[in-house]
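Breakdown of the fold
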Amino acid sequence: MASAANHRPRKRFGQNFLRDSSVIDRIVSSIAASKSDHLVEIGPGQAALTRPLLKPAGQLDVVEIDRDLAARLSDDMGHQDHFRLFTVDALKFDFCQLVASGRPLRIVGNLPYNISTPILFHLTKQRHCVQDLHLMLQKEVVERMAAAPGSRIYGRLSVMLQIAWQITPLFQVSPASFFPPPKVDSSVVRLTRLTEPPAPIKDELHFARIVGDAFAQRRKTIRNSLKNHISATELQALDIDPIRRPETLSIDEFARISNFAEGIHHK
Ligand code: SAM
């Protein structure tokens, strides 16, 4: 059986283990778990966060893809009756199946950087059973998530997450806090599920298609990139200048386009 000391970090699973106790303490106190909370940790690894989260949590479920690490976690914590281990790929995992007695999940993870965008979309799809997320991500990803319209880094990720979550960047973490140190800076971010999107959206799938098409070629005007959905005259009627670029559009403006185009050109 692999021990923590001799586990060789696996690059393919994005393994950069937290080693800095002050960062671990800060994450744990930002989560401020209580006995009424149902926590879920993605990628517990060597349990740097799992151990301090286990005591305060009412229930702690963990999802780990690496079988060697999962075997260790099972040896260390498997006997705790408020702990469950799932040795699966979080990208394919149905988080909502974990919910018991209607209590929404509080999901936590120091995530592998190579899967951060797909995980964010996967969790956003399942957000109806989630209260909040506390995630360690690449600093640039957190900046893009929280970016405002008009910013160079505002894009599909910003819009599609901001309709679902209130995004609060918490603090930055340097590579020296991990072993092995990653090549990038990291940030911890809190996403709290919004009960209502910031603008009314009739059909979220259609909204996602409009946003995806608008940002597919950032340098094109929306008149060009959205021509299959809405005409220049129709954009003007919505009080949106057709020669604008997608990064200047607010969520409310994307919602107006999507709600209008849905009625007219629904495919
Ligand atoms: N939480 C630990 C920490 O903070 O030290 C480990 C963090 S490490 C950056 C990422 C962890 O996620 C590793 O344990 C890795 O094996 C696991 N992992 C990677 N891809 C995964 C996936 N698709 N599903 C579940 N766990 C995954």
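Residues numbered from 1 in each chain as written. Predicted model: local features only at pLDDT ≥ 70, side-chain atom pairs only at ≥ 80, totals over all residues. Heavy atoms only, no water.

**As for the domain arrangement of the protein chain**
Rule in force here: Per the annotation, domain bounds derive from an automatic or database assignment of domains. In this description, contact between two residues means that some pair of their heavy atoms is separated by no more than 4.5 Å. Note on terms: buried area is the combined drop in 1.4 Å-probe accessible area of two parts once they are placed together, counting the loss on both. Should a side-chain nitrogen of Lys or Arg be within 4 Å of a carboxyl oxygen of Asp or Glu, the pair is scored as a salt bridge. All residues other than Ala, Val, Leu, Ile, Met, Phe, Trp, Tyr, Cys, Pro, Asp, Glu, Lys and Arg, Gly among them, are scored as polar; the first ten of these are nonpolar and the last four charged.
Examined at the domain level, the protein chain breaks down into domain 1 (4-193) and domain 2 (204-265). Look at where the C-alpha atoms of domain 1 and domain 2 centre, and you get two points 33 Å apart. Counting from both sides, the interface comprises twelve residues of domain 1 and, opposite them, 14 residues of domain 2. Taking both sides of the interface into account, the surface hidden between domain 1 and domain 2 amounts to around 970 Å²; carbon and sulfur atoms contribute 68%. Our count for the domain 1 to domain 2 interface comes out at one salt bridge. A per-class count over the side of domain 1 that touches domain 2 returns five nonpolar, four polar and three charged.

**Considerations on the site of the ligand**
Heads up, the condition is: It suffices for a single heavy atom of a residue to lie within 4 Å of a molecule or strand for the residue to be listed as near it. What qualifies as a polar contact is a pair of N or O atoms within 3.5 Å, subject to a donor-acceptor requirement within protein and to the restriction that residues adjacent in sequence count only when both atoms come from side chains. Residue exposure ignores everything except the shown protein chains as possible cover, and the areas themselves are Shrake-Rupley values with a 1.4 Å probe.
Of all residues adjacent to the ligand, which total 22 residues, the nearest are Gln15, Leu18, Gly43, Glu64 and Asp89. Leu18 is positioned such that a nitrogen or oxygen atom in its backbone is 2.8 Å from an oxygen atom of the ligand. Here the ligand has 590 Å² of accessible area as a free molecule, and 98% of this is covered by the chains. Class assignment for the residues of the shell around the ligand results in twelve nonpolar, six polar and four charged.

**So, the environment of Cys96**
Rules: Each helix is a run of H or I in the DSSP string that is no shorter than four residues. Each strand is a run of E no shorter than two, and both are numbered from the N terminus.
By the secondary structure assignment, Cys96 is in the loop between β4 (83-86) and β5 (105-110). Sequence separation of Cys96 and His128 is 32 residues, and the distance between their C-alpha atoms is 8.3 Å. If we ignore the near neighbours within four places in the chain, the residues touching Cys96 are Gln126, His128 and Cys129.

**As for the pattern of salt bridges**
Throughout the structure, instances matching the rule amount to nine salt bridges. Put simply, Asp66 and Arg10 hold a salt bridge, and the shortest N to O gap is 2.7 Å. Pair noted here: Asp66 is in the loop between β3 (59-63) and α3 (67-77) and Arg10 is in the segment before β1 (17-18), with a separation of 56 residues, a long-range link. The partner of Arg106 in a salt bridge is Asp37, and the shortest N-O contact between them spans 2.9 Å. One end of the pair, Arg106, is in strand β5; the other, Asp37, is in the loop between α1 (21-31) and β2 (38-42), with 69 residues separating them in the sequence. Connected through salt bridges with shared partners, the residues Arg10, Asp66 and Asp68 form a single ionic network.

**Some remarks on the state of the cysteines**
So the rule is basically this: In this description, a disulfide is simply a cysteine sulfur pair whose atoms lie within 2.5 Å. When accessible area is computed with a 1.4 Å probe and restricted to protein chains, residues below 20% of their type maximum are described as buried, those above 50% as exposed, and intermediate ones as partly exposed.
According to the stated counting rule, one finds one disulfide in the structure shown. The residue that forms a disulfide with Cys96 is Cys129, at a sulfur-sulfur distance of 2.0 Å. Since a negative S-S torsion denotes a left-handed disulfide, the Cys96-Cys129 link at about -75° is left-handed. Residue Cys96 is located in the loop between β4 and β5, and its partner Cys129 is located in the loop between α4 (116-125) and β6 (130-138); the two are separated by 33 residues in the primary sequence. The two residues Cys96 and Cys129 agree in class, both being buried.

**Describing the sheet that holds β2**
Defined as follows: A pair of strands is considered paired only if DSSP assigns at least 2 bridges between the two. Note on geometry: axes are C-alpha line fits, over the in-contact stretch for helices, and angles between N-to-C directions span 0 to 180 degrees.
The seven strands lie next to each other as β4-β3-β2-β5-β6-β9-β7, forming an open sheet whose pairing is mixed. What marks the edges here is a single partner per strand, and that holds for β4 and β7 (165-173). Taking the axes of each pair of neighbouring strands and ignoring which way they run, one obtains an average angle of 15° across the sheet. Bridge count between β7 and strand β9 (residues 186-193): eight bridges; the pairing is antiparallel. Looking at the pairing, Pro169 lines up with Val189 of β9. Here α4 sits on the sheet in contact with β2, β5, β6 and β7, set at roughly 175° to β6.

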